[in-house]
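# Coordinate analysis (summary)
The chain contents come next:
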Amino acid sequence: MSQLMRLAGLLALLVATTFLAGCDSLFPVSVEGKINHAIPISQELENARKSVVEESGGDRLKRFEAEWKRRMALRALTCAKDYSPAWYTLPSSVREKLTDRACFEEQDEETALWVGYLRIGLILAKPPLRPLPPLAPREISADEEIRWALFAENAGVAVSLTSKQVLLLLDLNTNTVIRRTKLPDGVGPGRLSPNGRLIIAGSPDHNRTDIYATETGERIGQVGKTRELRTSWLGDHGLLIVKEANRHTYFIDGANGKEVLVPLSDVTQLFPVYGQNNQYLAGHWYGVARLILTPKDGETQLVVTDERNLDGISRWTANLTQQTADGAHIVSVSQSSLAILDVNTLESTNVDLGPGTGFHGLYPTADPDKLLVRTNAASMNASGSMRNYLFSIAEKTLTPLAEVPLDGLMYLRPFKQLFAPRAGRITQFVIPQVVGEPIAIHQLALDRRIAQAEQKMAQAEQAALRAEVGLGNIPRPAPAPVPATNLQAPLAGLIADARVEAVGVYQGSGATHESRANANSTPPTVQVRVNRSDKPLALVLSSYEAVRWLIIPEPGARLAGIFVSGYKQSSVIGATSARVITMGQNFAYDMNSKEFRALDEEFSRLTGRRIALLQGRYEGGVFNVGGVN
């Protein structure tokens, strides 16, 4: 009888608790179950979980459900700390005890990252969004202006961003728009997945990379602490990313949603090995390595092999490094030479074009032996005119071509076809007509060395003659002398007692031909660290491509003014109270060039001062100025 009474009392308590709870229904009696019910996950995360469940099956679904259960238990026990609610405790009472909501948010962020990676892997495994057309389209157009496009490696689709920040998904078979997706302001697309179903994009705060489904516009996942230009697709296996803070490289495995550290620093370029779907070459800051991916037991193993140091290749500059049409070679510009890497053997050959050679473009063609290059190699001085040539890998020659603009060229690899932006459309680009005989590069290099030696000899002879007649200490007359401070210059008073230094680049680190052609993409950032000095500093910043100049003054640093010049419009961040003055379109990254003389003259007309020091590189990322009195 006593046992029956106790049971009846227990049932009465259960009924009363349920009645009193109102909308708070009872939950399973496990501690973690009650905690997670009281502090539920977001609806967005729940929807993502359902998506993975719906698209998974078999062992993959079993692995997901087991890992989800483990993560939910860890979430509850970690954030509740020593609190263990009784089985009969109401959800509202549990919520009152759980005050560390930041802990739950942190756990959910990690889980959302994992679920997002899994969703990326599931979508990458799907077939191409559209089949490749049988022939390359003659032009790509829409009912609004498009100036560039990103192409899918294995699908007949492309994407383009309009001036109104709308991402267009284009069908190359029908030349129609599949979908329009409005992206947040300041966000630019990075790379399109091989099957055309996903696109890498930046985030408004530039602190992460977002992954969008092109067909629906839904944000599928995100990658923290990296930028869209530092994120690459590894076929249908996942992503390779470089974290901004430490330049470490990670493989995001789409099979199990994990981040795996790759023993390579600062990978800047990724190249497929043709005929080997599981192999890639990774170009990093001092060399190259082969990546081999092998699926096994629900995950993908990434192995780094054949790592080589390459003296001839520097930084793998995106728009100056190209893979040939057959995938057999990678050609990269390095100072005054072209470095040729054999993809199979990883042996490299350095083709020297002579001192002072510069390059403004390198593009693959349908011929595996030929690349389209814009260079001043045939001029006998560093400031000579840039011209178009066909570079032959086998013959080591440059064949002169007719002069046509090469800006913004895009390569559609499945068709081995270049495209160019023209009048609001993207049209097939025809290789310019040959206008001269092939020129042997070894002869060009020799001629440039002879010209350089003759110039030095002439300078030495002139200096000796001047010394002989007693003019050695008399400075040469300048064509247009400018006093140290010309008070008639409009801005002379602004920097009268300041030291003048300049920083110049052609483009910022990580720029690609897509980002250069797309006026709506976020320009690369160039950091300028200003050291403390006794005198104020006048800073001249110049570039050809648009960059974001990030000024980082140390305590005690004084900026008298910042002068910005460049062919394309750049911006300045962190100027504090310093005045920012926009000059003209001159830019220079070599103090011995005619471009620098033009920049210096323009600065002098404004301020009456000359530039005392220029730090310059073709592609720049970080500079230090000031600290010299």
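In this text the structure is predicted, and so the values were computed from the model without any measurement.

Analysis parameters
- Position numbers for residues count from 1 along each chain, tracking the sequence in the order it is written.
- Reporting of local features is limited, given that this is a predicted model, to residues whose pLDDT is at least 70; pairs of side-chain atoms are given and counted only at 80 or more, and all residues count toward the totals for whole chains, interfaces and linings.
- Just so you know, side-chain values use all the structure's heavy atoms and leave hydrogens and water out.
- Helix numbers and strand numbers start at the N terminus; a helix is a DSSP run of H or I with at least 4 residues, a strand a run of E with at least 2.
- Three exposure classes are used, based on accessible area relative to the maximum for each residue type with a 1.4 Å probe and protein chains only: buried under 20%, partly exposed in between, and exposed over 50%.
- What makes two residues a contact is simply this: any of their non-hydrogen atoms within 4.5 Å.
- Per-residue accessibility takes into account occlusion by the displayed protein chains alone, with areas from the Shrake-Rupley method and a 1.4 Å probe.
- pLDDT is defined as a per-residue confidence score from the predictor, taking values between 0 and 100.
- Centres within 6.5 Å make a pair out of two Phe, Tyr or Trp rings, where for Trp the six-membered ring is used; the pair is then stacked when the planes are under 30 degrees apart, edge-to-face when over 60, and tilted otherwise.
- Paired strands, in this sense, are two strands between which DSSP finds at least two bridges.
- In this analysis an axis means a line fitted to C-alpha atoms, helices contributing only their contacting stretch, and an angle means the value between N-to-C directions, from 0 to 180 degrees.
- Each crossing gets its hand from how the near helix is turned against the far one by less than a right angle, where anticlockwise is left-handed and clockwise is right-handed.
- Lys, Arg, Asp and Glu make up the charged group, whereas Ala, Val, Leu, Ile, Met, Phe, Trp, Tyr, Cys and Pro make up the nonpolar group; the residues left over, Gly among them, are polar.
- Patches were defined on residues exceeding 30% relative accessible area and lacking a salt bridge, with like-charge contacts within 9 Å and nonpolar side-chain contacts (Val, Leu, Ile, Met, Phe, Trp, Tyr) within 5 Å.
- Whenever a carboxyl oxygen of Asp or Glu lies within 4 Å of a side-chain nitrogen of Lys or Arg, that contact is scored as a salt bridge.
- Residues scored as charged are limited to Lys and Arg (positive) and Asp and Glu (negative), so that His and the chain ends carry no count.
- Taken as the charge centre is NZ of Lys, CZ of Arg, CG of Asp or CD of Glu, depending on the residue.
- Expected span of a helix, by definition, is 1.5 Å for each gap between consecutive residues, and there is one gap fewer than residues.
- Two cysteine sulfurs form what is called a disulfide whenever their separation falls within 2.5 Å.
- Of the grid points, spaced at 1 Å and generated over the protein atoms alone, those admitting a 1.4 Å probe that cannot get out make up cavities, while open sets with protein on both sides within 12 Å along at least five of seven lines make up pockets; any residue with an atom within 4 Å of a point is treated as lining.
- Grid points are joined across faces, edges and corners, and a volume is the space filled by probe spheres set on the points.
- Each angle receives one of four descriptions, namely roughly parallel if under 35 degrees, roughly antiparallel if over 145, roughly perpendicular if within 65 to 115, and oblique otherwise.
- Polar contacts, as used here, are pairs of N or O atoms within 3.5 Å; protein pairs need one atom able to donate a hydrogen and one able to accept it. Residues neighboring in sequence count only if both atoms are side-chain atoms.

### Brief notes about the overall build of the protein chain
Within the protein chain, the secondary structure is distributed over nine helices and 38 strands. Within the protein chain, buried positions represent 49% of all 629 residues. Long-range contacts, defined here as pairs at least 24 residues apart, represent 54% of the contacts in the protein chain between residues at least 6 apart. In the form shown here, the protein chain has an accessible surface area of approximately 29800 Å², with 52% of it arising from carbon and sulfur atoms.

### Details of the confidence of the model for the protein chain
Put simply, the protein chain has an average pLDDT of 84, and 86% of its residues get 70 or more. When the criterion is pLDDT under 50, residues 7–27 qualifies, and its contacts beyond four places in sequence or with other chains add up to 17 contacts. Taken together, the stretch residues 471–487 has pLDDT below 50 and engages in 21 contacts with residues farther than four places along the chain or on a different chain.

### Looking at the packing of aromatic side chains
The final tally for this structure, using the stated rule, is 11 aromatic pairs. Each ring, one from Y544 and one from Y567, has its centre 4.7 Å from the other, and the planes form 0°; the classification is stacked. In this pair, Y544 sits in the loop between β32 (537–543) and β33 (548–553) while Y567 sits in the loop between β34 (559–566) and β35 (571–573), placing the two residues 23 residues apart along the sequence. The class for Y544 is buried, based on a relative accessible area of 13%. Y567 sits in the partly exposed class, given a relative accessible area of 43%. Relative to Y618, the ring of Y589 lies with its centre 6.0 Å away and its plane at 90°, an arrangement referred to as edge-to-face. With Y589 in the loop between β36 (580–582) and α9 (594–607) and Y618 in strand β37 (residues 613–620), the pair connects residues that are 29 residues apart, well separated along the chain.

### Comments concerning the sheet that holds strand β7 (residues 198–202)
Spatial ordering of the open sheet is given by β6-β7-β8-β9, a layout of four strands whose pairing is antiparallel. One side of each edge strand has no neighbouring strand; the edge strands of this open sheet are β6 (189–192) and β9 (219–224). Strand-to-strand, the axes of this sheet are offset by a mean angle of 25°, without reference to chain direction. In the sheet, β6 pairs with β7 via two bridges, with the strands oriented antiparallel. The partner of L192 across the bridge, within β7, is I199.

### Digging into the packing of helix α3 (residues 43–55) against helix α6 (residues 101–124)
At their nearest, the axes of α3 and α6 sit 10 Å apart, and the two run at 35° to each other. In this structure, α3 crosses over α6, and the sense of that crossing is left-handed. Residues L45, A48, R49, S51, V52 and E55 of α3 form the contact with α6, whose own contacting residues are D108, T111, A112, V115, L118, R119 and L122. Along the lines of polarity and charge, the residues of the contact of α3 with α6 split into seven nonpolar, two polar and four charged.

### Here's the deal with a negative patch on the surface
Judged by side-chain charge, E105, E106, E109 and E110 come together as a negatively charged surface patch. Positionally, E109 belongs in helix α6. Residue classification places E109 among the exposed positions, given a relative accessible area of 58%.

### As for α9
An ideal rise of 1.5 Å per residue puts 20 Å on 14 residues; α9 measures up with 20 Å between its terminal C-alpha atoms. What α9 keeps buried is the set F596, L599, D600, E602, F603, S604 and T607. Residues of α9 that are buried in the fold lie against β30 (499–508), β32, β34 and β37. Within two residues after α9, G608 carries a phi angle of roughly 75°, on the positive side.

### Let's talk about the state of the cysteines
Considering all chains together, one arrives at one disulfide under this definition. Note that C79 is cross-linked by a disulfide to C103, the S-S spacing being 2.2 Å. Because the torsion about its S-S bond is -80°, the bridge between C79 and C103 counts as left-handed. Of this pair, C79 sits in helix α4 (residues 58–80) while C103 sits in helix α6, and the two are 24 residues apart along the sequence. Comparing C79 with C103 shows no difference in burial state: the two are buried.

### Digging into empty space enclosed by the protein
Enumeration over the complete set of coordinates arrives at two cavities of 30 Å³ or more. For the largest cavity, the calculated volume is near 70 Å³. Forming the walls of the largest cavity are 11 residues, and the residues nearest its centre are R230, S232, V267, T268 and Q269. Of all elements in the fold, only β10 (231–234), β11 (238–242) and β14 (269–273) reach the threshold of two or more residues within the lining of the largest cavity. Considering only residue class, the lining of the largest cavity consists of five nonpolar, four polar and two charged. If you add up the space inside the second largest cavity, you get close to 30 Å³. Residue lining of the second largest cavity: V159, L167, L168, L169, R179, T181 and T214, and that is the complete set. Elements represented by at least two residues in the lining of the second largest cavity include exactly β4 (166–171) and β5 (176–182). Among the elements that line the lining of the second largest cavity, the one with the most residues is β4, at three residues. Across the lining of the second largest cavity, the residue classes break down as four nonpolar, two polar and one charged.

### Some thoughts on the packing of α4 against α6
Packing of α4 against α6 leaves a shortest axis separation of 9 Å and a crossing angle of 170°. With respect to α6, the axis of α4 lies roughly antiparallel. Here R60, F64, E67, W68, R71, M72, L74, R75, T78 and C79 of α4 come into contact with α6, specifically with C103, F104, Q107, D108, E110, T111, W114, V115, L118, G121 and L122. Residues of the contact of α4 with α6, tallied by class, amount to 11 nonpolar, four polar and six charged.

### A short note on the side chain of R119
Structurally, R119 is set in helix α6. R119 sits in the buried class, given a relative accessible area of 9%. Engagement of the side chain of R119 in a polar contact is seen with the side chain of S51, the distance being 3.4 Å. Each residue touching R119, except ones within four places of it in the same chain, is listed here: A48, S51, V52, E218 and I220.

### Describing the sheet that holds β11
Spatially, four strands are ordered β10-β11-β12-β13 in an open sheet, and the strand pairing comes out antiparallel. Looking at the sheet topology across the chains shown, the edges are occupied by β10 and β13 (258–265). For this sheet, the mean inter-axis angle between neighbouring strands, taken without regard to orientation, is 25°. By the bridge criterion, five bridges tie β11 to strand β12 (residues 248–253) in an arrangement that is antiparallel. From the neighbouring strand, L240 faces β12, where its bridge partner is F251.

### Observations concerning the pattern of salt bridges
Any two side chains of opposite charge can pair if their charged atoms end up close together. As enumerated under the stated definition, the model contains 25 salt bridges in all. A salt bridge links D367 to K370; the shortest N-O distance between them is 3.5 Å. Looking at D367, the relative accessible area reads 34%, which means it is partly exposed. In this structure, the salt-bridge partner of E403 is R374, at a minimum N-O distance of 2.9 Å. Taken together, the residues E403 in the loop between β25 (397–400) and β26 (410–412) and R374 in strand β23 (residues 370–375) connect sequence positions 29 residues apart. Exposure remark for R374: the relative accessible area of 21% places this residue in the partly exposed category.

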